[in-house]
Amino acid sequence: MAYRDLREYLQTLEAKGKLRRVTKEVDKDWELACITRWVLQAVPEESRYGLLFERIKGYDMPLAACVFGASREVYAIAMETEPDQIYEKWIKVLKSSCHYAEAATGPCKENILRGDEVDLFRFPVPIWTPGKDIGPYFTCTSAITVDPETGRHNIGNYRMQLRSKNQLGVQIFDNQHIGMHFQRWARRGRPMPIAVAMGVDPAIGLAATAKVPYGMDEFDVASAIRGEPVETVKAELSDLRVPATAEIVLEGEVPLDEEPMEGPFGEYMGYMGLAGPKRVINVKAITHRRSPIFQSYVSQMPPSESLVLQQQAHGAAMYKHLVYDLGLEGIQDVLYTSASARAHLVIQMRPQFPGHARKVMLVAQGLMGANSPKIVTVVDEDIDIRDPFLLEWAMASRVDPAKDVVILHDTETTQLDPSTTLEILPEGTSKRLIERLTGSKLLIDATIKKIYPAISLPPKELMDKALESWEETGLPPIQVPDRTRRLLEKHPGYGLYIEPYQ
Ligand SMILES: Cc1cc2nc3c(=O)[nH]c(=O)nc-3n(C[C@H](O)[C@H](O)[C@H](O)COP(=O)(O)O)c2cc1C
Ligand SMILES: [Mn+2]
């Protein structure tokens, strides 16, 4: 059953034990970020939960954080599936054709503010890296725009700086869909109409943080995730559709001629993003529900909510490209590692011929446009790619660096990766030059490529037998790790060799 809105979703999350309320009064300008940061830094992903800050000093609005992406498990609840079914569900969604619905009105219109009544300071917008960020940022922003040629909606999540009571700074890159829309409006000489929905039903939030192929109407994508049409209503100031059950909707325009400085702002790779010229949104109307809930995503230093959101959605897109679009054989699973801020992609596969793994990693590094991975590691199917310990073991024991590592020079990079961009970021660098920087790629073939010695664990049969009478040892019970279970299953026998390309 689809979630009707954020409120209904939060009830479900709480019932599943994955939402905690913070009842202490907190200061949104430093304390809220620090408490959230501690939860992300200290609570292991398996037990992580979303947060509802009930009392924010100076505001009467609660704030929900990490409620869509505290962990893979929380993401699965938001998507109404199981953690190991997320990629398959995404693939089903991208293949389906579900259309959004149009309603005359909805709860998001319970309050309508225009002109002088518009005041963005009404919302408890936190400072996410206190002491370093320029100021408060909206981070959960399903930004709705249309391609003026096709009328199809894009929904994308882009962080927005609170600049004044009616102006936001927005980071629009040319190669993101919002940037493609902006250029199309600019060619017509017209400011781009925009609506920013906040506190939406999770299907919309997950669509907005995923890289969906350009041209798909993302209200349709969100409808496919829900399995039922998203209800939309007309915006007050434009023909844009907005989600009927959103907690808050900001409406306005991106003008063609304004590019003031924005930042510094703590970025998703775990470093400060420096100040630079960015676009703005002039907010001309706000509509909101009665007693709205303010939602934020938590990005910045990993582990973060924004990385879980992108790890799942980008992982699904990469898996779809490799397995379904390109029909590459032997691929079992893919993973953007948790710490790498989607820079490191690991592919688990069953190589079927010499050069197979190398072919796959060469293809994968070039996919996903500006979001292509910087490092690709390929491992065999006996390696549990969700376990960093075993990944490191494979790299240590199956890689001869001189033969198995490929470095590609002068490849596309992201300007948010300080390792490739920092040297020319200082002031005076033109925006065009920053956007055309190149970096490099590291590809590691950590699969077995020749007759190899067998692993030095006792055979499965004997290991299992020892477990059966574990109690008699007098030792405390043990939990068999997934990685060991997998290794034993893939190497059950007594032989002294492993033969590749089976
Ligand atoms: C919290 C958060 C903040 C983000 N901020 C930006 C941003 O400012 N600019 C940007 O291009 N992408 C940003 N992203 C990534 C986009 O949401 C993501 O690339 C998405 O696919 C963009 O939508 P699009 O594919 O329709 O362009 C952010 C993601 C999250 C989770
Ligand atoms: Mn898009």
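Quick caveat, the model's predicted, so the values are computed rather than measured.

About the thresholds
- Numbers given to residues run from 1 along each chain, matching the order in which its sequence is written.
- Lettering of chains starts at A and numbering of ligands starts at 1, both following the order in which they are written.
- Only residues with pLDDT of 70 or above have their local features reported here, since the model is predicted, and side-chain atom pairs are shown and tallied only from 80 upward, although totals for entire chains, interfaces and linings are computed over all residues.
- Working from all heavy atoms in the structure, the side-chain values ignore hydrogens and water.
- Note on conventions: DSSP H or I runs of at least 4 residues are helices, E runs of at least 2 residues are strands, and numbering of each starts at the N terminus.
- Burial classes follow relative accessibility: with a 1.4 Å probe on protein chains only, a residue under 20% of its type's maximum area counts as buried, one over 50% as exposed, and anything between as partly exposed.
- When checking whether two residues touch, look at their non-hydrogen atoms; a contact exists if any pair is within 4.5 Å.
- Per-residue accessibility takes into account occlusion by the displayed protein chains alone, with areas from the Shrake-Rupley method and a 1.4 Å probe.
- Positive charges are assigned to Lys and Arg, negative charges to Asp and Glu, while His and the chain termini are left out of the count.
- In plain terms, the charge of a residue is placed at NZ if it is Lys, CZ if Arg, CG if Asp and CD if Glu.
- Note on terminology: near, applied to a residue and a molecule or strand, indicates that one of the residue's heavy atoms is within 4 Å of it.
- As used in this structure description, the phrase polar contact means that two N or O atoms lie within 3.5 Å; if the pair is within protein, one of them must be able to donate a hydrogen and the other to accept it, and residues adjacent in sequence are counted only when both atoms belong to side chains.
- Here a cavity denotes a set of grid points, spaced 1 Å apart and computed over the protein atoms alone, in which a 1.4 Å probe fits but from which it cannot get out, and a pocket denotes an open set meeting protein on both sides within 12 Å along at least five of seven lines; residues with an atom within 4 Å of a point are reported as lining.
- Throughout, a molecule is located in a cavity or pocket provided that more than half of its atoms lie within 2 Å of its grid points.
- Gly is placed with the polar residues, together with every amino acid not listed as nonpolar (Ala, Val, Leu, Ile, Met, Phe, Trp, Tyr, Cys and Pro) or charged (Asp, Glu, Lys and Arg).
- Criterion used throughout: strands pair if DSSP finds at least two bridges between them.
- Note on geometry: axes are C-alpha line fits, over the in-contact stretch for helices, and angles between N-to-C directions span 0 to 180 degrees.
- Grid points are joined across faces, edges and corners, and a volume is the space filled by probe spheres set on the points.
- Each domain's limits were defined by an automated method or a database of domain assignments.

### With respect to the overall build of the protein chain
Here is step 1 of the chain: Along the backbone of the protein chain there are 15 helices and 27 strands.
Here is step 2 of the chain: If one aligns the C-alpha atoms of the protein chain with their principal axes, the spans along those axes are about 80 × 55 × 45 Å.
Here is step 3 of the chain: Within the protein chain, buried positions represent 55% of all 502 residues.
Here is step 4 of the chain: Considering only contacts within the protein chain whose residues lie at least 6 apart along the sequence, 74% involve residues at least 24 apart.
Here is step 5 of the chain: A total accessible area of about 22300 Å² is found for the protein chain, and carbon and sulfur atoms account for 52% of it.
Here is step 6 of the chain: With 58 positive and 68 negative side-chain charges, the protein chain shows a separation of 2 Å between the mean positions of the two kinds.

### Digging into the site of ligand 1
Here is step 1 of the chain: By nearness alone, 19 residues border ligand 1, and Asn157, Tyr158, Gln176, His177 and Lys211 come closest of all.
Here is step 2 of the chain: At a separation of 2.8 Å, an oxygen atom of ligand 1 approaches a polar side-chain atom of tyrosine 158.
Here is step 3 of the chain: Within the side chain of glutamine 171, one N or O atom sits 3.0 Å away from an oxygen atom of ligand 1.
Here is step 4 of the chain: Burial of ligand 1 by the protein chains amounts to 94% of its free accessible area of 620 Å².
Here is step 5 of the chain: Judged by its atoms lying within 2 Å of the grid points, ligand 1 is housed in the second largest pocket.
Here is step 6 of the chain: Elements that contribute at least two residues to the shell around ligand 1 include exactly β8 (153-157) and α8 (305-325).
Here is step 7 of the chain: When residues of the shell around ligand 1 are assigned to their parent elements, the largest contribution, four residues, is made by β8.
Here is step 8 of the chain: Of the residues that constitute the shell around ligand 1, the class distribution is six nonpolar, ten polar and three charged.

### Quick notes on the sheet that holds strand β23 (residues 375-379)
Here is step 1 of the chain: The strand order across the open sheet formed by five strands is β21-β22-β23-β25-β24, and the pairing between neighbours is mixed. The open sheet is flanked by β21 (331-336) and β24 (405-412), the only strands paired with a single partner. Taking the axes of each pair of neighbouring strands and ignoring which way they run, one obtains an average angle of 15° across the sheet.
Here is step 2 of the chain: With six bridges connecting them, β24 and strand β25 (residues 438-445) associate as antiparallel partners. Across the sheet, the residue bridging to leucine 408 is lysine 441, located in β25.
Here is step 3 of the chain: Against the sheet, α8 engages β21 and β22 (344-349), with an angle of about 150° to β21.

### Side note on empty space enclosed by the protein
Here is step 1 of the chain: One pass over the full model with this rule turns up three cavities of 30 Å³ or more.
Here is step 2 of the chain: Taken together, 17 residues make up the lining of the largest cavity; nearest its centre are Ser372, Pro373, Lys374, Thr413 and Thr414.
Here is step 3 of the chain: A class-by-class count of the residues in the lining of the largest cavity yields six nonpolar, six polar and five charged.
Here is step 4 of the chain: Here the second largest cavity defines a volume of roughly 40 Å³.
Here is step 5 of the chain: Lining the second largest cavity are Trp90, Leu94, Ala210, Lys211, Val212, Ala313, Ala316 and Ala317.
Here is step 6 of the chain: Elements represented by at least two residues in the lining of the second largest cavity include exactly α4 (86-95) and α8.
Here is step 7 of the chain: When residues in the lining of the second largest cavity are grouped by element, the largest group, three residues, is from α8.
Here is step 8 of the chain: Among the residues forming the lining of the second largest cavity, the class breakdown is seven nonpolar, no polar and one charged.
Here is step 9 of the chain: For the lining of the second largest cavity, the two domains that each supply at least three residues are domain 1 (6-296) and domain 2 (305-449).

### A look at the side chain of aspartate 404
Here is step 1 of the chain: By secondary structure assignment, the location of aspartate 404 is in helix α11 (residues 401-404).
Here is step 2 of the chain: A relative accessible area of 7% means that aspartate 404 is categorised as buried.
Here is step 3 of the chain: Not counting chain neighbours up to four residues away, the residues in contact with aspartate 404 comprise Arg358, Met361, Arg398, Val399, Leu443, Ile444, Asp445 and Lys449.

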